[in-house]
Amino acid sequence: MNKIASKNAPNLRAISAEVTFQVIEQGQSLSALLLKRTSSKLDDRDRALVQEICFGIMRRLPELNFYLQTLMSKVLTGKNRVLHYLLLVGIYQILYTRIKPHAAVSETVDAVNSLKKSNLKGLVNGVLREFLRQQVPLKEQFSQQSEALQSLHPSWLVNRLKQAYPESRLAIMNANNQKPPMWIRVNQNYALTTEYQRLLAEQNIQSEIDKNVLSALRIVTPVNVNRLVGFDNGSVTVQDLSAQYAAYLLAPQNGEQILDLCAAPGGKTTHILEIAPKADLLAVDIDPERVKRIRENLTRLNLHAEVKVGDGLTPEAWCSGRQFDRILLDAPCSATGVIRRHPDIKWLRKDSDIPQLVSLQQAILNNIWGYLKQGGTLVYATCSILPDENQQQITQFLQTHTDAEQQGESKQFLPSAESGDGFFYAVLKKR
Ligand SMILES: C[S@@+](CC[C@H](N)C(=O)[O-])C[C@H]1O[C@@H](n2cnc3c(N)ncnc32)[C@H](O)[C@@H]1O
């Protein structure tokens, strides 16, 4: 992994420090920043290292900050604040990568020049060398801190999880702090899942079948998508196991009018059409940039749908009086079920976002219900694990809509190591 950088190459530690600084101090999204900073500028190996460091820092931020606070008497502020993040980059490499500790220190110290703070090289060098000397007692000290700090989650979320899942909260938070498994969805029109598994094995890619979800395969050691046989022709889609339930619960039929609302980037849109290619499907999302990705995914899979930019709060603007047999509402949510894939969520979300999201979900659900035919089915989905956005939302909806009934029990999946992400589903029928 470690690579001696040539003189003009972008400095990977400096990029990692700037990216993590912008996420935590400026509230920007980690994946958007990584795309901007690494996509065309770095080769695969360098990109992987920056990603590893930035994701790792988001996962372990309270621990890394604890070490720095203990080692440094003064907090770095103002224009020098970025060096706080460079020090986190250094400590993360020492503790959690295979880079040799002394190489990690010297590469990190070199990044000070790229950040144009050469006068503080001595400080960075000194703090990292002190960390090397003291890491064992520091780790011991961290292991004696409060459960909340050791959980590596913000206290508001620890409290909410404690309330909702008194027994399993530690397992959930532990799963959130791990690297996520890679799940793919095998397009059953291309190959059966067992056949595709054999094709992968011929390429020395080991995978495991899920016993409940027909199309799901877990790639034991994650690989780049271009190594997946037939990917460009739509053989498979990268999609988490829990997310694959959506289309099966919706149970789309050819010839039906179907609405996929909050559809971007189209993971579930394409699954619906793999199951019912002749359904008349409208896919809508509020974000024009993300809507482009629905179109790209449809093209890759050679599937057809009407795709629109639209706000779920104002369906009259884009629905032109249409009524649907089935609606999938994959509602905007806290994304607390997918923290392991987007660890910056822990630091970007605030407790006060939750009631706002609950109101938004409720308003979209109320509005779109009017566009479901009598006898029609609506699947309400979130990638949240918080009851306010999930079961409580549905209970409240059923109390206020006498023409709605729930079909079967709702499903609340919790994130777990070799299984799926945290997801919620409720299937509603219109009487
Ligand atoms: C969880 S993501 C959807 C994932 C997608 N269904 C899939 O499977 O690929 C939620 C989406 O809701 C969209 N969104 C947020 N607020 C919306 C609104 N008021 N109306 C429509 N879409 C909205 C976001 O742009 C985002 O793409």
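Caption draft 1: Local environment of the overall build of the protein chain. A tally of helices and strands in the protein chain yields 16 helices and 12 strands. Expected size for 431 residues packed as a compact globule is a radius of gyration near 22 Å; at 24 Å, the protein chain falls within 12% of this value. Across its three principal directions, the C-alpha atoms of the protein chain cover 70 × 50 × 40 Å. Taken across its 431 residues, the protein chain has 52% of its residues classed as buried. Counting contacts in the protein chain only where the partners sit at least 6 residues apart, residues at least 24 apart contribute 72% of the total. Just so you have it, the protein chain exposes about 19,600 Å², and 49% of that area is on carbon and sulfur atoms. One way to put it: in the protein chain the 50 positive side-chain charges average out to a point 7 Å from where the 42 negative ones average out.

Caption draft 2: Local environment of the environment of Leu152. Mapping Leu152 onto the fold places it in the loop between helix H7 (147-150) and helix H8 (155-164). Its relative accessible area of 1% is what places Leu152 among the buried residues. Each C-alpha atom, one on Leu152 and one on Asn174, is 8.8 Å from the other, the two residues being 22 residues apart in sequence. Beyond its immediate stretch of four places on either side in the chain, Leu152 contacts Arg59, Arg60, Pro62, Glu63, Phe142, Asn177, Lys346 and Trp347.

Caption draft 3: The arrangement of the site of the ligand in detail. The full set close to the ligand counts 17 residues, and Asp285, Arg290, Asp311, Gly312 and Asp330 are the nearest of them. In this structure, a nitrogen atom belonging to the ligand sits 3.0 Å away from a main-chain N or O atom of Cys262. One of the side-chain N or O atoms of Asp311 is found 2.8 Å from a nitrogen atom in the ligand. Coverage of the ligand by the protein chains reaches 85% of its 600 Å² of free accessible surface. Counted by class, the shell around the ligand contains seven nonpolar, four polar and six charged residues.

Caption draft 4: Examining the packing of helix H4 (residues 81-96) against helix H5 (residues 101-114) more closely. Following both chains from N to C, one finds H4 and H5 inclined at 165°, their axes separated by 9 Å at the closest point. In terms of their interaxial angle, H4 and H5 are classed as roughly antiparallel. The handedness of the crossing between H4 and H5 is right-handed. For the pair formed by H4 and H5, the contact residues are Leu86, Gly90, Gln93 and Ile94 on the first element and Pro101, Ala104, Val105, Thr108, Ala111 and Val112 on the second. Class assignment for the residues of the contact of H4 with H5 results in seven nonpolar, three polar and no charged.

Caption draft 5: Geometry of the pairing of strand S8 (residues 324-330). Most of S8 is tucked away, with six of its seven residues classed as buried. Here four bridges tie strand S5 (residues 257-261) to S8, and the two strands are oriented parallel to one another. By the bridge assignment for S8, Ile258 is matched with Arg326. Relative to strand S9 (residues 372-382), S8 is paired through six bridges, and the arrangement is parallel. For Asp330, the partnering residue across the bridge sits in S9 and is Ala381.

Caption draft 6: Broad picture of helix H16 (residues 391-400). Every buried residue of H16 is accounted for by Gln393, Ile394 and Phe397. Down the axis of H16, the sector holding all buried residues measures 95°, keeping them to one side. In this structure, the buried residues of H16 make contact with helix H15 (353-369), S9, strand S10 (404-406) and strand S12 (423-430).

Caption draft 7: Focus on unusual backbone geometry. Each neighbour pair has its own omega, and for Ala264 with Pro265 the value is 5°, a cis peptide bond. Secondary-structure assignment places Pro265 in the loop between S5 and helix H12 (267-275). Look at Ala251: it is not a glycine, yet its phi comes out positive at around 50°. In this structure, Ala251 sits in the loop between helix H11 (245-250) and S5. The exposure class assigned to Ala251 is partly exposed, which follows from its relative accessible area of 29%. Even without a glycine there, the phi angle at Asn302 is positive, about 55°. Checked against the element boundaries, Asn302 lands in the loop between helix H13 (288-301) and strand S7 (306-309). A relative accessible area of 59% places Asn302 in the exposed class.

Caption draft 8: Spotlight on the sheet that holds strand S1 (residues 182-186). Here we have four strands laid out as an open sheet, ordered S2-S3-S1-S4, and antiparallel in their pairing. Looking along the sheet, the strands with just one partner apiece sit at the ends: strand S2 (207-209) and strand S4 (236-238). The sheet shows a mean angle of 30° between the axes of neighbouring strands, taken without regard to direction. The sheet contact formed by S1 and S4 spans three bridges and is antiparallel. Residue pairing in the sheet places Arg185 in a bridge with Thr237 of S4.

Caption draft 9: Just the side chain of Thr237, in detail. Among the structural elements, Thr237 can be located in strand S4. Overall, Thr237 belongs to the buried group, its relative accessible area being 7%. A polar atom in the side chain of Thr237 sits 3.1 Å from the side chain of Arg300.

Caption draft 10: Quick look at a nonpolar patch on the surface. Among the surface-exposed residues, Leu214, Tyr248 and Ile275 lie close enough to one another that they form a single nonpolar patch of about 260 Å² accessible area. Looking at the secondary structure, you find Ile275 in helix H12. For Ile275, a relative accessible area of 34% corresponds to the partly exposed category.

Caption draft 11: A look at the pairing of strand S3 (residues 216-219). Alternating residues of S3 divide into Ala216 and Arg218 and Leu217 and Ile219, and every residue in both groups is buried. By the bridge criterion, three bridges tie S2 to S3 in an arrangement that is antiparallel. Opposite Ser207, over in S3, you have Ile219 as the bridge partner. Connecting the antiparallel pair S2 and S3 is a turn made up of six residues.

Caption draft 12: Region of the structure containing the pattern of salt bridges. Per the counting criterion, the structure on display carries 26 salt bridges. One continuous salt-bridge network, built from bridges that share partners, spans Asp240, Arg340, Arg341 and Asp421.

Thresholds applied
- Residues numbered from 1 in each chain as written.
- Predicted model: local features only at pLDDT ≥ 70, side-chain atom pairs only at ≥ 80, totals over all residues.
- Heavy atoms only, no water.
- Helix = DSSP H or I, 4+ residues; strand = E, 2+ residues; numbered from the N terminus.
- Rg over C-alpha atoms; globule rule 2.2 N^0.38 Å.
- Buried < 20%, exposed > 50% of the residue type's maximum accessible area, 1.4 Å probe, protein only.
- Contact = heavy atoms within 4.5 Å.
- Areas by Shrake-Rupley, 256 points an atom, 1.4 Å probe, with all protein chains shown as cover.
- Lys, Arg positive; Asp, Glu negative; His and termini not counted.
- Charge placed at Lys NZ, Arg CZ, Asp CG, Glu CD.
- Near = heavy atom within 4 Å.
- Polar contact = N/O pair within 3.5 Å; in protein donor to acceptor, adjacent residues only side chain to side chain.
- Nonpolar A, V, L, I, M, F, W, Y, C, P; charged D, E, K, R; others polar.
- Axes fitted to C-alpha atoms, helices over the stretch in contact; angles between N-to-C directions.
- Parallel < 35°, antiparallel > 145°, perpendicular 65-115°, else oblique.
- Left-handed = near helix turned anticlockwise from the far one by under 90°.
- Pairing = 2+ DSSP bridges.
- Arc of directions from axis to C-beta.
- Patch = residues over 30% accessible without salt bridge, like charges linked within 9 Å, V, L, I, M, F, W, Y side chains within 5 Å.
- Salt bridge = Lys/Arg side-chain N within 4 Å of Asp/Glu carboxyl O.

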